[in-house]
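In case you want the letters, here they are:
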Amino acid sequence: MSAEDLEKYETEMELHLYREYRDVVGIFKYVVETDRRFYLCNQVDVKARTEAGDVFFEVSMTDAWVWDMYRPARFAKNVKVLTFKDVNVEELSPPDIEQPLP
């Protein structure tokens, strides 16, 4: 595979991931950003922990979607992340217009 083919493949995967994000964002309540990943989820709990003088964050999420184009399945029932870096949590605004159920 040439470098050009690889770049084209990654560009297509990123576009597919963005389209999937756009399709699913409306069903989630929170956006969670860690140093390594970006998540959408419906429940999130962040706890600061201390061990051996070091502070880290334990982030637990339920009904999550993971922004990662290399994962074969981006939906996860439960996710737990441990990180020494910042964690950002934002509550999403509910959509102004409810989408009709099929």
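Everything discussed here concerns the structure shown above.
About the thresholds
- Each chain has its residues counted from 1, following the order in which its sequence is written.
- Only residues with pLDDT of at least 70 are given local features in this predicted model, and only at 80 or more are side-chain atom pairs given and counted; all residues enter the totals for whole chains, interfaces and linings.
- Values shown for side chains rest on all heavy atoms present in the structure; no hydrogens or waters enter the calculation.
- A run of DSSP states H or I qualifies as a helix once it reaches four residues; a run of E qualifies as a strand once it reaches two. Both are numbered from the N-terminal end.
- In the analysis that follows, any N or O atom pair within 3.5 Å is treated as a polar contact, provided that within protein one partner can donate a hydrogen and the other can accept it, and provided that, for residues neighboring in sequence, both atoms belong to side chains.
- Should any heavy atoms of two residues lie within 4.5 Å, those residues are counted as being in contact.
- Every definition here rests on a 1 Å grid over the protein atoms only: cavities are sets of points where a 1.4 Å probe fits but cannot get out, pockets are open sets enclosed by protein on both sides within 12 Å along at least five of seven lines, and lining residues have some atom within 4 Å of a point.
- Grid points are joined across faces, edges and corners, and a volume is the space filled by probe spheres set on the points.
- When residues are sorted by character, Ala, Val, Leu, Ile, Met, Phe, Trp, Tyr, Cys and Pro go into the nonpolar class, Asp, Glu, Lys and Arg into the charged class, and all the rest, Gly among them, into the polar class.
- Residues grouped as a nonpolar core are buried Ala, Val, Leu, Ile, Met, Phe, Trp, Tyr and Cys residues, joined through side-chain atoms within 4.5 Å.
- The cut-offs for exposure are 20% and 50% of the maximum accessible area for each residue type, with area from a 1.4 Å probe on protein chains only; residues under the lower value are buried, those over the upper are exposed, and the others partly exposed.

**Section: the side chain of E58**
Then, in step 1: Examined against the element boundaries, E58 turns out to sit in strand β4 (residues 54–66).
Then, in step 2: Engagement of the side chain of E58 in a polar contact is seen with the side chain of R49, the distance being 3.0 Å.
Then, in step 3: For E58, the side chain forms a polar contact with the side chain of K80, separated by 3.3 Å.
Then, in step 4: Those residues in contact with E58, other than ones at most four positions away along the chain, are D45, V46, K47, R49, K80, V81 and L82.

**Points about the layout of surface pockets**
Then, in step 1: What the second largest pocket holds in volume is close to 170 Å³.
Then, in step 2: Surrounding the second largest pocket, T34, D35, R36, R37, Y39, V66, R71, A76, V79, V81, L82 and T83 form its lining.
Then, in step 3: The element that contributes the greatest number of residues to the lining of the second largest pocket is strand β5 (residues 75–83), accounting for 5 residues.
Then, in step 4: Here the residues of the lining of the second largest pocket are counted per class, giving 6 nonpolar, 2 polar and 4 charged.

**Some thoughts on the nonpolar core**
For soluble globular proteins, nonpolar side chains are generally found buried alongside one another.
Then, in step 1: Counting residues in each nonpolar core, the largest one holds 11 residues, listed as V32, Y39, C41, V59, M61, A64, V66, A76, V79, V81 and V87.
Then, in step 2: Looking at which element gives the most residues to this core, the answer is β4, with 4 residues.
Then, in step 3: With near-sequence residues (within four places) excluded, V32 lies in contact with R37, F38, Y39, C41, V44, V59, M61, V87, N88 and V89.
Then, in step 4: Judged by nonpolar contacts, the second largest core, of 7 residues, contains L17, F28, V31 and M69.

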